[in-house]
Amino acid sequence: FFNRHGFTDDPIVTARHKKQADYWENSTLMVYIPPYSTNCIGSLKSLEEMNDQLKKWRVMSMAAHCEQVCIMERLRQEILVLQSRLSSQQEVIEALQKELCDSKL
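Residues numbered from 1 in each chain as written. Predicted model: local features only at pLDDT ≥ 70, side-chain atom pairs only at ≥ 80, totals over all residues. Heavy atoms only, no water.

Chemist: Quick question: what am I supposed to make of the confidence of the model for the protein here?
Modeler: The predicted structure's coordinates, where accompanied by low pLDDT, should not be read in detail. Looking at the protein, the pLDDT average stands at 83 and 85% of residues meet or exceed 70. Across the protein, element-level confidence peaks in helix α3 (residues 43-104) with a mean pLDDT of 90 and bottoms out in helix α2 (residues 18-21) with 69. (pLDDT = per-residue confidence, 0-100. Helix = DSSP H or I, 4+ residues; strand = E, 2+ residues; numbered from the N terminus.)

Given below as structure tokens:
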């Protein structure tokens, strides 16, 4: 019913409203998307508006993509640092275990 009347439960679209949905149990968060009007009277104006919206969308999409790439690169670098730290700690543990075994003999 709601899907047929302009509502969507798309997780990306509804993500910014997730906080309000936490108060409701057994419900689906949905957002109303107004229908696109194709009136012939203002078609040039609506075409310009649509082009403006597409330009804004492209800019925002590129910005979001750049941010995601930066975050992924930071995560990758953090993993490499942690793996290096783990490796050096493992070497210290092995050296201490060998020293302990040598001192017992």
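Chemist: Which parts of the structure should I look at to understand a nonpolar patch on the surface?
Modeler: The grouping of Phe 1, Phe 2, Phe 7 and Tyr 32 at the surface amounts to a nonpolar patch, some 440 Å² of accessible area in total. Note on placement: Phe 1 falls in the segment before β1 (7-8). By relative accessible area, Phe 1 is classed as exposed at 59%. (Patch = residues over 30% accessible without salt bridge, like charges linked within 9 Å, V, L, I, M, F, W, Y side chains within 5 Å. Areas by Shrake-Rupley, 256 points an atom, 1.4 Å probe, with all protein chains shown as cover. Salt bridge = Lys/Arg side-chain N within 4 Å of Asp/Glu carboxyl O. Buried < 20%, exposed > 50% of the residue type's maximum accessible area, 1.4 Å probe, protein only.)

Chemist: Where do I start with the layout of surface pockets in this structure?
Modeler: One way to see where empty space is left: roll a probe the size of a water molecule over the atoms. Estimates place the volume of the largest pocket at around 240 Å³. What lines the largest pocket is simply Ile 12, Gln 53, Lys 56, Trp 57, Met 60 and Ser 61. Looking at the lining of the largest pocket, the element that brings in the most residues is α3, giving 5 residues. By residue class, the composition of the lining of the largest pocket is 3 nonpolar, 2 polar and 1 charged. (1 Å grid on protein atoms, 1.4 Å probe; cavity = no way out; pocket = protein on both sides within 12 Å on 5 of 7 lines; lining within 4 Å. Points joined across faces, edges and corners; volume = space filled by probe spheres on them. Nonpolar A, V, L, I, M, F, W, Y, C, P; charged D, E, K, R; others polar.)

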